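Take a look at the letters that make up each chain.
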Amino acid sequence: MIPDWAAERRWMVDTQLRWRGISDERVLAVMGEIPREEFVPIEARILAYRDEPCPIGYGQTISQPYMTALMAQEMRLTGMEKALEVGAGSGYAAAVMGRLGARVVTIEIVPQLVELARANLRRTHCDAGVEVIYGDGGWGYPDEAPYDAISVAAGAPDIPEALLEQLADPGVLVIPVGGFGDQELRVVTKHHAHIHSRVSTLCRFVPLRGGEGWR
Ligand code: SAH
């Protein structure tokens, strides 16, 4: 039997996102539209709308839907922004940001996942305005800086300096910072050259790799 994906999506939006306090109607609408099942491996499709991260290969995961929604909400995308994502993975979060109207540059350190993200975005017609780049996002992507919003999808020991530098003013950076296993999701804003940081929630992301990550 083929699952009713649209019904599963509605269920995810209502019971996982809205119920936990995601209130940005644009984020809820976009996540109610994008076929998340297309971003998980075929054999894991049945898990596509579960309230947890899901393996996508190479030791990596597509984040829990709630976390993707929270990060997108914290980025406050209105449609005018240029956004940078570190850690494209499956491409799902980039699809969400792209549909929110932002121009998105997403950078991924595992070459096979660069290909996977590109293929997933193309197949689901979520690739408009979304560029997937191979590289170490710990250094940001200076070629297209500054970015109005930056999202890091892997846990960092500290906030990489390059990301703060490439953040526009005003701009917002959402990043999990902390230990190898547990982090706090920080929302860092730049406004009139002043940096402010607050903790949005506790979280558990895969470790950031590369020069600014865990070796
Ligand atoms: N946003 C993704 C979640 C991916 S999980 C999604 O929606 O599916 C985090 C990803 O970050 C992994 O794919 C991992 O390979 C990647 N990553 C880890 N360190 C990185 C780095 N320094 N630069 C770029 N990507 C990195």
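Residues numbered from 1 in each chain as written. Predicted model: local features only at pLDDT ≥ 70, side-chain atom pairs only at ≥ 80, totals over all residues. Heavy atoms only, no water.

(A) View of the overall build of the protein chain. Counting secondary structure elements, the protein chain contains 6 helices and 9 strands. Computed over its C-alpha atoms, the radius of gyration of the protein chain comes to 16 Å, within 12% of the 17 Å expected for a compact globule of 215 residues. Along the first, second and third principal axes, the C-alpha atoms of the protein chain reach 55 × 35 × 35 Å. Expressed as a percentage of its 215 residues, the buried residues of the protein chain come to 52%. Long-range contacts, defined here as pairs at least 24 residues apart, represent 56% of the contacts in the protein chain between residues at least 6 apart. When the accessible surface of the protein chain is totalled, it reaches about 9,900 Å², and 55% of it is carbon and sulfur. (Helix = DSSP H or I, 4+ residues; strand = E, 2+ residues; numbered from the N terminus. Rg over C-alpha atoms; globule rule 2.2 N^0.38 Å. Buried < 20%, exposed > 50% of the residue type's maximum accessible area, 1.4 Å probe, protein only. Contact = heavy atoms within 4.5 Å. Areas by Shrake-Rupley, 256 points an atom, 1.4 Å probe, with all protein chains shown as cover.)

(B) Representation of the packing of aromatic side chains. Inspection of the entire model under this criterion finds 3 aromatic pairs. Between tryptophan 5 and tyrosine 49, the ring centres sit 6.1 Å apart and the planes meet at 45°, which makes this aromatic pair tilted. With tryptophan 5 in helix 1 (residues 5-18) and tyrosine 49 in the loop between helix 2 (25-31) and strand 1 (54-57), the pair connects residues that are 44 residues apart, well separated along the chain. Summarising the burial analysis for this pair, tryptophan 5 and tyrosine 49 share the class buried. Ring centres of phenylalanine 39 and tyrosine 92 lie 5.5 Å apart, and the angle between their planes is 70°; on these two criteria the pair is classed as edge-to-face. Taken together, the residues phenylalanine 39 in the loop between helix 2 and strand 1 and tyrosine 92 in helix 4 (residues 92-99) connect sequence positions 53 residues apart. Each member of the pair phenylalanine 39 and tyrosine 92 is classed as buried. Sitting over the ring of tyrosine 66, arginine 20 keeps its end group 5.0 Å from the ring centre. Over the ring of tyrosine 92 we find arginine 36, and its NZ or CZ is 5.0 Å from the ring centre. (Phe/Tyr/Trp six-rings, centres within 6.5 Å; stacked < 30°, edge-to-face > 60°. Lys NZ or Arg CZ within 6 Å of the ring centre and 35° of its normal.)

(C) View of the sheet that holds strand 3 (residues 82-86). Within the open sheet, the 7 strands sit side by side as 5-4-3-6-7-8-9. Their pairing is mixed. Each edge of the sheet is formed by a strand with only one pairing partner; in this case those strands are strand 5 (130-134) and strand 9 (194-203). Taking each pair of neighbouring strands and ignoring which way they run, the sheet shows an average axis angle of 15°. With 4 bridges connecting them, strand 6 (residues 147-152) and strand 7 (residues 167-178) associate as parallel partners. In the strand pairing of strand 7, serine 151 is matched with valine 174. Its contacts with the sheet put helix 5 (residues 111-123) on strand 4 (103-108) and strand 5, and the angle it makes with strand 5 is roughly 165°. (Pairing = 2+ DSSP bridges. Axes fitted to C-alpha atoms, helices over the stretch in contact; angles between N-to-C directions.)

(D) Looking closely at the side chain of glutamate 108. Residue position: glutamate 108 is located in strand 4. Arginine 209 provides the closest opposite charge to the buried, salt-bridge-free glutamate 108, at an N-O distance of 6.1 Å. In this structure the side chain of glutamate 108 is engaged in a polar contact, spanning 2.9 Å, whose partner is the backbone nitrogen of glycine 89. (Lys, Arg positive; Asp, Glu negative; His and termini not counted. Salt bridge = Lys/Arg side-chain N within 4 Å of Asp/Glu carboxyl O. Polar contact = N/O pair within 3.5 Å; in protein donor to acceptor, adjacent residues only side chain to side chain.)

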